[in-house]
There are 4 protein chains.
Amino acid sequence: MMRLPNLGKAKELAVSEWLNVDEPLQLENLQGKVIVLYAFQMLCPGCVSHGLPQIKKIQHAFANDDVQVLGIHTVFEHHQAMNPDALRAFAYEYRLDFPIAIDQPSKVGPIPETMMKYQLSGTPSLVVIDKDGYVRFQHLGIVDDLVIGHALGTLLTEQSNHVGSTIDDQKKIADEVSTEQGAIICNDDHCEVKR
Amino acid sequence: MMRLPNLGKAKELAVSEWLNVDEPLQLENLQGKVIVLYAFQMLCPGCVSHGLPQIKKIQHAFANDDVQVLGIHTVFEHHQAMNPDALRAFAYEYRLDFPIAIDQPSKVGPIPETMMKYQLSGTPSLVVIDKDGYVRFQHLGIVDDLVIGHALGTLLTEQSNHVGSTIDDQKKIADEVSTEQGAIICNDDHCEVKR
Amino acid sequence: MMRLPNLGKAKELAVSEWLNVDEPLQLENLQGKVIVLYAFQMLCPGCVSHGLPQIKKIQHAFANDDVQVLGIHTVFEHHQAMNPDALRAFAYEYRLDFPIAIDQPSKVGPIPETMMKYQLSGTPSLVVIDKDGYVRFQHLGIVDDLVIGHALGTLLTEQSNHVGSTIDDQKKIADEVSTEQGAIICNDDHCEVKR
Amino acid sequence: MMRLPNLGKAKELAVSEWLNVDEPLQLENLQGKVIVLYAFQMLCPGCVSHGLPQIKKIQHAFANDDVQVLGIHTVFEHHQAMNPDALRAFAYEYRLDFPIAIDQPSKVGPIPETMMKYQLSGTPSLVVIDKDGYVRFQHLGIVDDLVIGHALGTLLTEQSNHVGSTIDDQKKIADEVSTEQGAIICNDDHCEVKR
């Protein structure tokens, strides 16, 4: 079973618009909760078949005071087909009622800003953030329920107050995404930017 | 197991545009084959989770000389989000390579013309047409593989040349859809126009 | 999709005992029905996970006047653990209520008599017999519902009265099982006698 | 998501025979590990279809130094069909290679001794024991992977050395099983002793 190393402070999301919230959310204000951040695209087959049902299951299995589920729509292909109105129709049809952020489009390339910040290489990507605001798990593709359950049990049980340098850890996942888009490939598991 | 009554001559499709074909298709020119006509919407959850994988399975299990699989995109809600460009992106991501017709939008209401002609009440709807061009099975929602396999085995084995009145049969399925749109409801199985 | 060649007249079953019947059955007396003969072992994982649920589905999808489902318990390993009393407990727990024959144990080796007659190489094996008593499909391992549905639709629609030599067809499946038992290997799909 | 109350010190297992071990195991000697104790019967449909695949997944997902998976064959019906030799054949066919205890048959009734001690009301039952030897979760029937993952993440992260009275907690689950056997009912989820 995976360890959950400290991958660095979770960066604030860059969001052009929120769905299913009264007011914009800030990660900073959610400290004390474990956050499950789910990056998806509405036309990504693996997101629709596996990821979104799993996120709904997490949403309903845990109390919202313990675990905050957040979706982020990180569109890096077919931008026109996956515009905000289309996402709203999708969220309505698929009964998604958790907060969903629309990732801020980039001015310089197809990959949106939060996806760049978090160096996500495709969708679905799961990012789990601990009660102190540190990224502890980040994965492209399908993750088994047993693995996510273990991570959430671990992070909910840990004492707070992490300290110390996390710079080395951050470097480990760095430089995986650049603004220059390569080939994009989707399979049953995920959609990915290949470079 | 269902019987396969003659539900009347299959009406020609009203199509604004075709995907995955070199030239527009005509049902009339496909006589001699059994036709599986699959009406779907790209944002209909039951279509995506169950129907489209099943249609692909039929496409690959039967020789194209025996069974012709046809999709028809019968958009009756969220018309803007499910426009032709969005459908093309969807077909690309989901690896749909069988012929897909875009149902001709209606000038008088949200329900497109072929959907009206066939009196389909929602998506996914499966229509099976025999070698002589008669509708023999029509169903809204998920259909078991055993049922479709049985229907195709039956229709491929039958001798051609049906005769006799089919008017009464046609009436049995008539008047189920009108141009006045009522509430639209989607569940895990299908999306439906309720009146 | 498979063709359904004539694989020869179905041989009468050799049965030491029947479950779920008032009187012993004879294939000969079932002519006019399509017969689905399902050879299984109670400790064969593929039989339990895939085959038996499928057989139950066939049993309930088709009228008993059209399709006769028959199980045959062809024990070729762990004979003591799969004795008739154990099978009765198994059939009770798994709610099997279709007729089940216990294949007559052999006097000369581990493979029982009907399994030898039909030259079955393992379990689960599906044998489909047409209305005139000819074997038309025989397969070791899991079969897709679409394939079985197609076979049943075809055989229910065919006219009766097959004629002509079937000797060549029979030879095609001959000599696959001998009384000398080799290694037995089970995987998720089936258990097989390897020689 | 469930809390994991202290349900009392885990009682030592009463075992007539072990499979897949060199020497008999004692719970007492496993302290420091989280123990997943899985009570099953080889002819219980819910155990075979859901529980055993899940136990294998847990066995392979966690290091054996962290989580010890133990099976216990708690036969309370069809005792003859589920005898030790039959269990060995079953374990061989289903590739079960974790330690399996055979629950000590009772001298006074159909329910074996460990099943009585733990007051299990049927199979499959999952019992999770923490690093200090206390029962923290006990459940009849199918448990979601997300729930088990959460429990294991929690118990692996907790500090050791629980203290304090657990008597009240124990009473909550007491008196659910007696030596007088009532009706036994199996469904897709589990087999249960009804009283």
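Before reading further, recall that the structure is shown in the block above.
Residues numbered from 1 in each chain as written. Chains lettered and ligands numbered in written order. Predicted model: local features only at pLDDT ≥ 70, side-chain atom pairs only at ≥ 80, totals over all residues. Heavy atoms only, no water.

Visitor: Which parts of the structure should I look at to understand helix α4 (residues 145–157) of chain C?
Guide: One turn of the α-helix equals 3.6 residues, which is why residues spaced by three or four share an orientation. All names here are of chain C. Over its 13 residues, α4 runs 18 Å from end to end, which matches the ideal 18 Å to within 8%, given 1.5 Å per residue. Of all 13 residues that make up α4, 11 are buried, and the element is covered over most of its length. Among the residues making up α4, those that are buried are D145, L146, V147, I148, G149, H150, A151, L152, G153, T154 and L155. Sitting at the amino-terminal end of α4 is D144, which places a side-chain oxygen 2.8 Å from the backbone nitrogen of L146. (Helix = DSSP H or I, 4+ residues; strand = E, 2+ residues; numbered from the N terminus. Expected span 1.5 Å × (residues − 1). Buried < 20%, exposed > 50% of the residue type's maximum accessible area, 1.4 Å probe, protein only. Polar contact = N/O pair within 3.5 Å; in protein donor to acceptor, adjacent residues only side chain to side chain.)

Visitor: Would you mind showing me how to read the interface of chain D and chain A here?
Guide: Size of an interface, as often reported, equals the accessible area lost when the parts are brought together. Contact with chain D, which involves 20 residues of that partner, is made by 20 residues of chain A. Linking chain D with chain A are 4 salt bridges, by the criterion used here. In this structure, the connection of chain D to chain A is made through 6 residue pairs in polar contact (both at pLDDT 80 or more). Elements that contribute at least two residues to the side of chain D that touches chain A include exactly α1 (45–61) and α4 (145–157) of chain D. With 10 residues, the single largest contributor to the side of chain D that touches chain A is α4 of chain D. Among the residues making up the side of chain D that touches chain A, the classes are represented as 9 nonpolar, 5 polar and 6 charged. (Contact = heavy atoms within 4.5 Å. Salt bridge = Lys/Arg side-chain N within 4 Å of Asp/Glu carboxyl O. Nonpolar A, V, L, I, M, F, W, Y, C, P; charged D, E, K, R; others polar.)

Visitor: What am I meant to see in the sheet that holds strand β8 (residues 183–186) of chain B here?
Guide: Sheet strands pair via backbone hydrogen bonds, and the direction of the pair is either parallel or antiparallel. Pairing within the open sheet is antiparallel, and its 3 strands lie in the order β5-β9-β8 (chain B). Sheet topology places β5 (122–123) and β8 of chain B at the edges, where each strand pairs with a single neighbour. (Pairing = 2+ DSSP bridges.)

Visitor: Would you mind showing me how to read unusual backbone geometry here?
Guide: A negative phi angle characterises most non-glycine residues, just as the trans form characterises most peptide bonds. Cis geometry marks the peptide bond from T123 of chain B to P124 of chain B, where omega comes out at -5°. Mapped onto the elements, P124 of chain B comes out in the loop between β5 and β6 (125–129). Phi is positive for Q119 of chain A, which is not a glycine, with a value near 55°. For Q119 of chain A, the position within the fold is in the loop between α3 (113–117) and β5 (122–123).

Visitor: Please clarify how the relation of the copies chain D and chain A should be interpreted in this entry.
Guide: One chain copy maps onto the other through a rotation about an axis and a shift parallel to that axis. In screw terms, the move from chain D to chain A is a rotation of 180° and a rise of 0.0 Å along the axis, fitting with an RMSD of 0.0 Å. Those values place the two copies in the arrangement expected of a two-fold rotation axis. A symmetric contact is evident, with 100% of the interface residues of chain D recurring at the interface of chain A. (Least-squares fit on C-alpha atoms with pLDDT ≥ 70 in both.)

Visitor: Quick question: what am I supposed to make of the relation of the copies chain B and chain C here?
Guide: The transform that puts chain B on chain C rotates by 180° and translates by 0.0 Å along the axis, for an RMSD of 0.0 Å. When you check the interface residues of chain B against chain C, 100% turn up at the interface there too, and the contact is symmetric in its surfaces.

Visitor: It is not clear to me how the sheet that holds strand β3 (residues 67–73) of chain D should be interpreted in this structure. Could you clarify?
Guide: Residues and elements named next belong to chain D. On the basis of which strands lie adjacent, the open sheet formed by 6 strands has the order β1-β4-β3-β2-β6-β7 and mixed pairing. The two strands at the open ends of the sheet, each matched to only one other strand, are β1 (15–19) and β7 (135–140). Averaged over all adjacent pairs, the angle separating strand axes in this sheet is 20°, with direction ignored. Set on the sheet, α1 makes contact with β2 (34–40), β3 and β6 (125–129); between it and β2 the angle comes to about 160°. (Axes fitted to C-alpha atoms, helices over the stretch in contact; angles between N-to-C directions.)

Visitor: What should I look at first to understand the pattern of salt bridges in this one?
Guide: One side chain can pair with another of opposite charge once the charged atoms of both are near each other. As enumerated under the stated definition, the model contains 28 salt bridges over all chains in all. Of the charged contacts, one joins E17 of chain B and R88 of chain B as a salt bridge, the two residues approaching to 2.4 Å between their closest N and O atoms. Here R88 of chain B lies in helix α2 (residues 84–93) and E17 of chain B lies in strand β1 (residues 15–19), a separation of 71 residues in the sequence. Taking the relative accessible area as the measure of exposure, R88 of chain B reaches 34% and is therefore partly exposed. Taking the shortest distance from any N to any O, the salt bridge between D85 of chain C and R88 of chain C comes out at 3.0 Å. With a gap of 3 residues between them, D85 of chain C and R88 of chain C both fall in helix α2 (residues 84–93), about one helical turn apart. The class of D85 of chain C is exposed, set by a relative accessible area of 53%. One salt-bridge network, in which partners are shared between bridges, spans E17, D85 and R88 of chain A.

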